[in-house]
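What follows is each chain in one-letter form.
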Amino acid sequence: MIAIDGQPILTAAQMRAAEDAAIAAGSSVTALMQRAGEGIAAATRRLVAGAEVLIVCGPGNNGGDGYVAATALAGLGHPVRVAASGPPKTDAAIAARAGWTGPIEALTDATPAPILLDCLFGTGLTRPLAPEIDAALARLSHAARLVIAADLPSGTNADTAEAPDWAKARPAALTLALGALKPAHGLHPAAAACGTIRLIDLGIDRPDAVTVAARPALPQPGPASHKYTRGMVAIVAGAMEGAARLAAVAALRSGAGYVALYGGSGQGGPDAIVHRPYEPEALADERIGAILIGPGLGRDDEARAHLQALIEADTHRLVIDGDALHLLDPDALRRRHNPVVLTPHAGEFHALFGTPDGSLLDRARTAAARAGVIVVLKGPTTIVADAARVRIHLAGNPWLSTAGTGDVLAGTIAAQLAHPHADPMAAADAGVWLHARAAWIAGKSFIADDLANALTPARAGA
Ligand SMILES: NC(=O)C1=CN([C@@H]2O[C@H](COP(=O)(O)OP(=O)(O)OC[C@H]3O[C@@H](n4cnc5c(N)ncnc54)[C@H](OP(=O)(O)O)[C@@H]3O)[C@@H](O)[C@H]2O)[C@H](O)CC1
Ligand SMILES: [K+]
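Residues numbered from 1 in each chain as written. Chains lettered and ligands numbered in written order. Predicted model: local features only at pLDDT ≥ 70, side-chain atom pairs only at ≥ 80, totals over all residues. Heavy atoms only, no water.

J.: Quick question: what am I supposed to make of the sheet that holds strand 12 (residues 290-293) here?
T.: Backbone hydrogen bonds are what pair the strands of a sheet, in a parallel or an antiparallel way. The sheet built from 10 strands is open, its strands ordered 8-17-16-15-14-13-12-9-10-11 with mixed pairing. Of all strands in the sheet, those with a lone pairing partner are strand 8 (210-212) and strand 11 (274-276), marking the two edges. Each adjacent strand pair in this sheet contributes to an overall mean axis angle of 20°, direction not counted. Two elements, strand 8 and strand 17 (residues 390-393), share 3 bridges in a ladder whose sense is parallel. Counterpart to Val212 in the pairing with strand 17 is Ile392. Sitting on the sheet, helix 9 (residues 241-253) is in contact with strand 9 (232-236), strand 10 (258-262), strand 11 and strand 12, with an inclination near 170° to strand 10. Along the sheet, helix 14 (residues 360-371) makes contact with strand 8, strand 15 (374-377), strand 16 (382-385) and strand 17, crossing strand 16 at roughly 35°. (Pairing = 2+ DSSP bridges. Helix = DSSP H or I, 4+ residues; strand = E, 2+ residues; numbered from the N terminus. Axes fitted to C-alpha atoms, helices over the stretch in contact; angles between N-to-C directions. Contact = heavy atoms within 4.5 Å.)

Structural data, given as C-alpha cells:
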C-alpha cells in the first residue's frame, strides 16, 4: 500500500491494455489477482484492529480479488465472512472462489459486519447498479463502522467518475486502487466517495502521461542570484486594482525576484511592489520573465486592447486569468511562439471551449491542444494540462471558495513561469501545488490576503 503522489492515472481501457502487456510479458491474471487480494488483506488487517470483515464479491475479477483477500485474512486467523451477488464468471475469479472454503451468503440478505470490504465491481462496470444491489450496499455500508473499497466503490464509473447513490451517502474510509489510479479516484463525485486513496502496486508498467501531481522541485536561489534571475513578473492592473495587488503579493511570496504593476494608481500594497504606468514599451522589457493579465482587469475596450496587444506582441510568457478570459479568443493563441497559461474555472472553461468529449481530464487536454496552451482548470480537483500531459491536484481545500483566491493563484503561477529556466507545464503545476499548500497552512476561514501571505511558508517547504 503506497501513497499516490506522482502516480499514473489510467482509464479502464488503458488498465486492461497494461494488464494484457504484463500477461504477455509472462505474468498471469491469477498472479496479479493473488497480489491484489493479498495486498487488500494486508491493508485491511492493518486498519481494522481485529474487527469482523464482511467481503462482498461480484462476478468478475474484482470479486476474485475479494475471494483471495478472504482466504488470506482467514489464513491469518482474522474473522471474515463472504457474501456474493452471484457465481464468479472469469477463470481467475472461479479459481479464487475455489480457494475460499467458508460459506457464502447471498448479497441481498447478508448479515452486516463492522467492516465492509467492497469487492463487487471495479473497472469492469458496464451499466449503473441495479436498485437491489445499490440498496444492499446502502444497507451493509450504513451498518458498518468502516467501508474499504477494492479498486473503486462499486458502481463507480472508472472513467467518468459518476458515483452510485450508496457510495455518495456513505463514502469509503479507504479505497485501494489496484495496479494504478483511475480518473474516478481524482474526479468528483466519485473522488469524494473514495475517502483516503492508496495504491496497491501490482508491478505492471503504466504510461505516465496522466499523473497525480507531486511535490515540485523548485529552483533555490544561489550565490549568483539577483532579482532578475529569480524571475521578474509584470502584472497589468485594471478596474479593480486590489486583485492585481493580491496577485503581486502572491508572486513575490512564491519566489519571484521582482514584481511590477503596470497601469494602476501608483500606490497601495507592500512597498516591495513596484508601480509603473502602462506603456507598451515598458512591457517589452526583456528582463520580464512572465506577464500576468486578468485579475481585476475589467472588461471594457481598454482592457480588451491591452490583452490584444500582449497576445500579438508575443514577447513574453503570459498568464491569462479572470476578466481577460472573458475577452479572449482561444484560437488566436495558436499563432504565438511564447507559452501561455490559461487559468479558467469550470464556467470560464465552458465559455472558452464549450464541452469537449470525455472526462474533465480529456476536456482539459483537448482544450490545451486546440489553443496550444497550458490549461489550469480550477475546481475541487484542479487539472493542469498541455496537449500531451495531465497533472491532477487532489489537495483542494474547500476554504479556497472565497473572493481573491484565484488572483493569488494567477500570481503564484506567474512567479513560477517567470523563472528563466522554468518548464512552462512544470511551472503551472508548481503554482497550483504551492497555492494548495498555502491554503492548508492558512487554516480555515482565511481571506485571500492571508492565503497570499501563507505562500512564504508554503514556498519554504518546497
Ligand atoms: N488491472 C489489473 O491489473 C488487475 C485487476 N484486477 C481486478 O479486476 C477488476 C476488473 O475486473 P473485471 O472482471 O474486468 O470487472 P469487474 O470485476 O469490475 O466486473 C465485471 C463483471 O461485472 C458485471 N457487471 C458489470 N456491471 C454490472 C452491473 N451494473 N450490475 C451487475 N453486473 C455488472 C459484468 O457482467 P456483464 O453483464 O457486464 O458482462 C462482469 O461479469 C479490477 O477492478 C480489479 O479489481 C485483478 O485482480 C487482476 C489485476
Ligand atoms: K469495488
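J.: I'm lost on the UniProt feature "domain: YjeF N-terminal" (unreviewed entry) in the chain in this one. Help?
T.: Here, UniProt's "domain: YjeF N-terminal" (unreviewed entry) annotation points to residues 15-210. Structurally, residues 15-210 comprises 39% helix and 17% strand, and the distance from its first C-alpha atom to its last is 13 Å. (UniProt positions renumbered as here; feature names shortened; annotations may be inferred.)

J.: Looking at this model, I keep getting lost on the domain arrangement of the chain. Mind explaining?
T.: In many analyses, interface size is given as the accessible surface area lost on bringing the parts together. When the domains of the chain are assigned, the result is domain 1 (12-209) and domain 2 (232-460). Between the C-alpha centres of domain 1 and domain 2 the distance comes to 41 Å. Carbon and sulfur atoms make up 65% of the area that domain 1 and domain 2 hide from each other, which totals about 630 Å². Linking domain 1 with domain 2 are 0 salt bridges. Taken together, the links from domain 1 to domain 2 amount to 3 residue pairs in polar contact (both at pLDDT 80 or more). (Domains from an automatic or database assignment. Buried area = accessible area lost by both parts, 1.4 Å probe. Salt bridge = Lys/Arg side-chain N within 4 Å of Asp/Glu carboxyl O. Polar contact = N/O pair within 3.5 Å; in protein donor to acceptor, adjacent residues only side chain to side chain.)

J.: In this structure, what is going on with unusual backbone geometry? I would like to understand it.
T.: In most cases, non-glycine residues show a negative phi, while peptide bonds are predominantly trans. The amide bond that connects His188 to the next residue, Pro189, takes the cis arrangement and shows omega of 10°. In this fold, Pro189 is placed in the loop between strand 6 (174-178) and helix 7 (190-194). Phi is positive for Ala49, close to 50°, though the residue is something other than glycine. With respect to the helices and strands, Ala49 occurs in the loop between helix 2 (29-48) and strand 1 (53-57). For Asp151, which is not glycine, the phi dihedral falls at a positive 70°. Structurally, Asp151 is set in the loop between strand 5 (146-150) and helix 6 (165-169).

J.: Honestly, the packing of aromatic side chains in this entry has me stumped. Any pointers?
T.: For any pair of aromatic rings, the description consists of the separation of the ring centres together with the inter-plane angle of the planes. Per the stated rule, a full pass over the model turns up 2 aromatic pairs. Their ring planes at 50° and their centres at 5.6 Å tell us that Tyr228 and Tyr258 sit as a pair that is tilted. Here the residue Tyr228 occupies a position in helix 8 (residues 227-230), and Tyr258 occupies one in strand 10, the gap between them amounting to 30 residues. Tyr258 sits in the buried class, given a relative accessible area of 10%. (Phe/Tyr/Trp six-rings, centres within 6.5 Å; stacked < 30°, edge-to-face > 60°. Buried < 20%, exposed > 50% of the residue type's maximum accessible area, 1.4 Å probe, protein only.)

J.: Explain the coordination of the potassium ion (ligand 2) to me, please; I cannot follow it from the model alone.
T.: Around a metal, the perfect tetrahedron of four donors has angles of 109.5 degrees, and the perfect octahedron of six donors has angles of 90 or 180 degrees. Summarising the metal site, the potassium ion (ligand 2) is bound by the protein donors Asn62 (OD1), Asp118 (O), Phe121 (O), Ala150 (O), Leu152 (O) and Ser154 (OG), whose distances to it range over 2.6 to 3.1 Å. Between the 6 donor atoms coordinating the potassium ion (ligand 2), the angles at the centre fall across 67 to 173°, so the site counts as irregular. Considered as a linear motif, the donors of the potassium ion (ligand 2) on their single chain read N-x55-D-x2-F-x28-A-x1-L-x1-S. In this pair, Asp118 is assigned in strand 4 (residues 115-119) and Ala150 in strand 5, connecting sequence segments 32 residues apart. Comparing Asp118 with Ala150, the two get one shared label, buried. (Donors = N, O, S within 2.8 Å, 3.2 Å for Na, K, Ca; no water. Tetrahedral: all angles 85-135°; square planar, octahedral: opposite > 155°, others 65-115°.)

J.: Would you mind showing me how to read the UniProt feature "binding site: K(+)" (unreviewed entry) in the chain here?
T.: Here, UniProt's "binding site: K(+)" (unreviewed entry) annotation points to Asn62, Asp118 and Ser154. Over a stretch of 93 residues, the named residues converge on one spot in the fold, their C-alpha atoms separated by at most 9.4 Å. Lining residues of the second largest pocket, restricted to the annotated ones just named, are Asn62. Note on placement: Asn62 falls in helix 3 (residues 61-75). (1 Å grid on protein atoms, 1.4 Å probe; cavity = no way out; pocket = protein on both sides within 12 Å on 5 of 7 lines; lining within 4 Å.)

J.: It is not clear to me how the state of the cysteines should be interpreted in this structure. Could you clarify?
T.: Covalent bonding between the sulfur atoms of two cysteines is what defines a disulfide. On inspection of all chains with the given rule, the structure shows 0 disulfides. A disulfide-free cysteine, Cys57 has its sulfur positioned 5.5 Å from the sulfur of Cys119, the nearest such atom. (Disulfide = S-S within 2.5 Å.)

J.: Explain the environment of Ile2 to me, please; I cannot follow it from the model alone.
T.: Here Ile2 shows up in the segment before helix 1 (12-24). Residue Ile2 is classed as partly exposed on the basis of its relative accessible area of 34%. Distance from Ile2 to Ala422, taken between C-alpha atoms, is 30 Å for residues 420 residues apart in sequence. Residues in contact with Ile2, not counting those within four places in the same chain, are Gln7, Arg198, Leu199 and Asp201.

J.: Sorry, what's going on with the pattern of salt bridges here?
T.: For side chains of opposite charge, pairing can occur when their charged atoms come near one another. Taken as a whole and judged by the stated rule, the model has 11 salt bridges. Salt-bridge contacts for Asp386 lead to Arg389; the nearest nitrogen and oxygen are separated by 2.6 Å. The class for Asp386 is buried, based on a relative accessible area of 13%. Through salt bridges with shared partners, one network takes in Glu52, Arg81 and Glu105.

J.: Sorry if this is basic, but what is going on with helix 13 (residues 346-353) here?
T.: Count 3.6 residues to each turn of an α-helix, and residues three or four apart come out pointing the same way. Of the positions making up helix 13, those classed as buried are Glu348, Phe349, Leu352 and Phe353. Within helix 13, the buried residues cover an arc of 105° as seen down the axis, which keeps them to one side. With respect to the buried face of helix 13, the exposed residues turned more than 90 degrees away are Ala346 and Ala351. Contacts from the buried residues of helix 13 go to helix 12 (322-326), strand 14 (340-342), helix 14 and strand 15. Gly354 lies just past helix 13 and shows a positive phi near 70°. (Arc of directions from axis to C-beta.)

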